[in-house]
Amino acid sequence: MLLVEIADTNAEFTGDEIVVNGIIGDVIEGDSYKFYGELTNHPKYGEQLKVSTYEKDVPTSGAGLVKYLSSEHFPGIGKKTAEKIVEVFPEDTIDHILDAPDQLSGILSAQKLTGFVKRLSENHGMEKILSKLAVYELPSKINFQIYELYKETTLDVIKENPYQLVLDIKGIGFKKADKIAEDEGISATSDARIQAGLMHTVITHAMEFGDTYIEARDLLEKTIDLLESSRNVEILVDQVATNINTLLAEGRLQAKDTKLFDNGLYFAEEGIYQRLDKLTNSIPKKLDPERFETIMTEVETTLDIQYDSLQKEAIFKALTHQFFILTGGPGTGKTTVIKGIIQAYALLNKLDLNPDNYTDDVFPIVQLAPTGRAARRMNDLTGLPSATIHRQLGLNSDDQPDDFGNDLSGSLLIVDEFSMVDTWLANKLFAAILPSMTVILVGDADQLPSVGPGQVFADLLRVSDFASVRLDKIFRQGEGSTITSLAHSIKDGYLPADFTAKKADRSYIESKAVNIPNYIEQIAKAWLKRGNDPFDLQVLIPMYKGIAGINQVNKSLQNLFNPLADRLEFNFQDTIFRQADKVLHLVNEASLDVFNGDIGVITDLVPAKYTESKQDEIIMSFDGNEVIYPRAEWYKITLAYAMSIHKSQGSEFPTVIVPMVASYHRMLERNLLYTAVTRAKQSLILLGEATSFQTAVTRQGANRKTYLVERFGIETKAAITDSEVKETIIAPTPVIKDLDLTVDEQTVDKKQSASPLKQETYVLTQDNITTIDPMIGMTDADVAVFTNR
Ligand SMILES: Nc1ncnc2c1ncn2[C@@H]1O[C@H](COP(=O)(O)OP(=O)(O)OP(=O)(O)O)[C@@H](O)[C@H]1O
């Protein structure tokens, strides 16, 4: 939105200035522009010009043009040179210069000419280009990104190969680019289109399935599907296969055997391998068992604990290996072992563990986690500094270094919740490790894998060269902690016999999908009535959409916990934001110290007329860290009364409600349910269909396809050379001949439990409703509301 002074207009408008609104680039104060558009009447701000296109108002001929070309916009061009230029191109001067700059070579030196044309196209071209881009109906933010990247070549790129946009611009998918290409008359069987389809398929496959590669035949099939469904055309297999080879030959795809990789994932896996392979090859440090026992006695006294033999083995291995992996389910003592490792490491290396005493030197112990919450928990539990990986490495939300990135310093690195770290981030982390550092990865391999591609934690646990310990004994036991034992049985693939029984810390309510929002609302009402903090009740749901999806539940809980009163609220897409709302941060924003999965509270809403950004602003607090987002940034937050199980990784909540119903269908998997259940610290309410819980616990998610493990061992056995690899794919009547088109059956663990749930039907009764009573204090009246429904 701009306020402009009017020099001339053909509209019926009498004022001296007007607000113009629309897609407008960097206009320069003081310059003249022509705006084309429609006069509108804004209820609040009065008459405005809604701009459809605009351009710099450059004089087109004569003295005005000479003055413009010799102005401060074009250093090095004086009045005389400008006159000569206008003599060469007396009409449509600027367009001609941009089209055929070489014709000025007699007037300007090559160097001057390049600079002049660049400036001219920057000055003159942006508005023109942006207004031309408007015909493709892309969001204005994307138009700017396109212009920023290609500058004066923008329209050429779009005309010649709009598919380039798919590779270069986040937010432009294949189908959008294909539409532009069709409009530009680009053939549906062109190689550029096929290559774009291939690249798009490789990446979307990785994002959708978490695999780091795709088998050549899957790539062929999927790409042909994409190309044929996006435009009505038959695509020949041979042509697609030939294009795969072109991409390989040009280094835009990588191959191992018939496995095809996007470059980023291929080189990230290679980077992880190369960095860690050096660590594996380091010889274990010698530690005399007697000395270890002496140290452990002191550690146990300090921490007032007796470690069991497996935990001690973990500490021993951590002290003697440069790279060590610790895994285990909830309550098996991972944190207790980390504390032991730190104490023992400090004793062994005579280190002071008080960070305040390190004013000049770096503190030797670096604790990192992939989420802000997990990092804070590490700090709470060990009392030592900790940070997110992104913050420590100086990475922004796209995982790119903010400046030059930071290397790690210190001698012992401990990374918790490592199962959440994807292939790209793992590569960046390991690349920053000093060769002398001792590295300890900690996590729970049975949780969901990372959101991004790969399963680095699970893969590294499979590499036999790496020292690792899997803790399996539950220490958090006894009355009042049946959540932990439930989690362990889920991990082992069965529901315990007492799954539906009322326990001190968990309960089960049978419900159909359609009733889930109502039940959650009733539980929440009872929760409030009891005087509990709404923020301590967290609903975890696998999906966003649908009657029992996150969006629906968020709306109903917002209305209950934070209803509209006589006050301001902001609408954004389908969401309403109010002061005091619980919000979830959706991306990593290291510079603001907020991260994907962080939960905060809205402390204020500020209307645009009071803000510097001239946009409505939301002010939030994430654990005391104030973050202010103008409207343009609101896509980074959402309501958090209910959140996805994926987003909940790395966080824990006092009370958790987990619904599971058949409509979540393909999400119903063991590691998803396991992750949800293990988020509950004090109490857990399971809600839904018994059969769906049974399906989830039985169904093991397919393993992700990655090439990391092979690199550590089997790689040397792969005797295929790169040229052979290409031949496999080139095969004259291509790979399709060998295609086995049967779809793999969902890997289902056959070891089904003799579940108590199998044959039973469930009805909502006074009995199973009151199972939640001890936790949230339901009254008889609440129960009546339930049963009447
Ligand atoms: N050897 C032990 N003897 C007695 N108690 C132990 C021992 N090891 C762990 N515990 C106790 O068990 C509980 C769980 O341990 P800890 O928090 O270390 O497990 P965790 O694996 O980190 O769990 P989570 O993943 O759920 O956070 C703690 O109360 C801890 O004190």
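It should be emphasised that the depicted structure is a prediction, and the values quoted were computed from it without experimental measurement.

Novice: Could you clarify how one ought to interpret the overall build of the chain in this entry?
Specialist: On a plain count of helices and strands, the chain comes out with 30 helices and 25 strands. Counting the 789 residues in the chain, one finds 41% classified as buried. Within the chain, counting contacts between residues at least 6 apart in sequence, those at least 24 apart form 69% of the total.

Novice: In this structure, what is going on with the site of the ligand? I would like to understand it.
Specialist: The full set close to the ligand counts 15 residues, and P330, G333, T335, T336 and F475 are the nearest of them. At three residues, the largest contribution of residues to the shell around the ligand is made by helix α15 (residues 334-348). Grouping the constituent residues of the shell around the ligand by class yields four nonpolar, eight polar and three charged.

Novice: Is there a simple way to explain the sheet that holds strand β23 (residues 642-644) in this structure?
Specialist: Read from one edge of the open sheet, five strands run β14-β25-β24-β15-β23, paired in parallel fashion. The outermost strands of the open sheet, each flanked by one partner alone, are β14 (506-510) and β23. Across the sheet, the axes of successive neighbouring strands diverge by a mean angle of 25°, strand direction being ignored. Where β14 lies against strand β25 (residues 680-688), five bridges are found, and the strand directions are parallel. The residue bridging E510 from the neighbouring strand is G688, located in β25.

Novice: Would you mind showing me how to read the UniProt feature "binding site: ATP" (unreviewed entry) in the chain here?
Specialist: According to UniProt, the feature "binding site: ATP" (unreviewed entry) maps to G331, T332, G333, K334 and T335 in the numbering used here. Positionally, G331 belongs in the loop between β8 (323-328) and α15. Of note, T332 is situated in the loop between β8 and α15. Given 23 C-beta atoms within a 10 Å radius, T332 is considered buried. When near neighbours in sequence (up to four residues on either side) are disregarded, T332 contacts L471, D472, K473, I474 and F475.

Novice: I'm lost on the environment of L408 in this one. Help?
Specialist: Residue position: L408 is located in the loop between α17 (389-393) and β11 (412-415). Expressed as a C-alpha distance, the spacing of L408 and E293, which sit 115 residues apart in the sequence, is 31 Å. Contact partners of L408, with chain neighbours within four places excluded, come to V366, Q392, L413, A432, I433, L434 and M437.

Novice: Teacher, can you tell me more about the nonpolar core here?
Specialist: Ranked by size, the top nonpolar core spans 100 residues in total, and within it A177, L260, I341, L413, I440, L441 and F457 carry the most contacts. Those residues in contact with L413, other than ones at most four positions away along the chain, are V366, L368, L408, I433, M437, V439 and I440. In this structure, I483, L557, F577 and Y674 belong to the second largest nonpolar core, which totals 65 residues.

Novice: Would you mind going over the UniProt feature "domain: Helix-hairpin-helix DNA-binding motif class" (unreviewed entry) in the chain with me for this structure?
Specialist: The feature "domain: Helix-hairpin-helix DNA-binding motif class" (unreviewed entry), as given by UniProt, occupies residues 67-88 and 164-183 in the numbering adopted here. Counting secondary structure, residues 164-183 comes out at 75% helix and 0% strand; the distance between its end C-alpha atoms is 15 Å.

Novice: Explain the sheet that holds strand β6 (residues 253-256) here, please?
Specialist: Sheet strands pair by backbone hydrogen bonding; their relative direction is either parallel or antiparallel. Taken in spatial order, the three strands line up as β5-β7-β6 in an open sheet, and their pairing is antiparallel. Because the sheet does not close on itself, it has two edges, and the strands there are β5 (214-215) and β6. The sheet contact formed by β6 and strand β7 (residues 259-262) spans four bridges and is antiparallel. In the sheet register, A255 faces β7, and the bridge partner there is L260.

Novice: Looking at this structure, I do not really get the domain arrangement of the chain. What am I missing?
Specialist: Size of an interface: often given as the accessible area lost when the parts come together. The assigned domain composition of the chain is domain 1 (1-57), domain 2 (64-151), domain 3 (161-257), domain 4 (270-471) and domain 5 (482-698). Using only C-alpha atoms to locate each centre, domain 2 and domain 3 end up separated by 35 Å. Per-class residue counts for the side of domain 2 that touches domain 3 are four nonpolar, one polar and no charged.

Novice: What am I meant to see in the pairing of strand β20 (residues 617-622) here?
Specialist: A regular strand carries its side chains on alternate faces of the sheet. Two strands pair when backbone bridges link them, and strand β19 (residues 599-606) and β20 are joined in this way by five bridges, in the antiparallel orientation. Its bridge partner being in β20, L605 is matched across the sheet by I618. Bridge count between β20 and strand β21 (residues 625-630): six bridges; the pairing is antiparallel. Across the sheet, residue F622 finds its bridge partner in β21, namely N625. Where β20 folds back on β21, the antiparallel hairpin that results is connected by two residues, among which D623 adopts a positive phi of roughly 50°.

Basis of the calculations
Residues numbered from 1 in each chain as written. Predicted model: local features only at pLDDT ≥ 70, side-chain atom pairs only at ≥ 80, totals over all residues. Helix = DSSP H or I, 4+ residues; strand = E, 2+ residues; numbered from the N terminus. Buried ≥ 20, exposed ≤ 12 C-beta atoms within 10 Å, placed from the backbone. Contact = placed C-beta atoms within 7 Å. Near = placed C-beta within 6 Å. Nonpolar A, V, L, I, M, F, W, Y, C, P; charged D, E, K, R; others polar. Pairing = 2+ DSSP bridges. Axes fitted to C-alpha atoms, helices over the stretch in contact; angles between N-to-C directions. UniProt positions renumbered as here; feature names shortened; annotations may be inferred. Core = buried A, V, L, I, M, F, W, Y, C linked by C-beta atoms within 7 Å. Domains from an automatic or database assignment.

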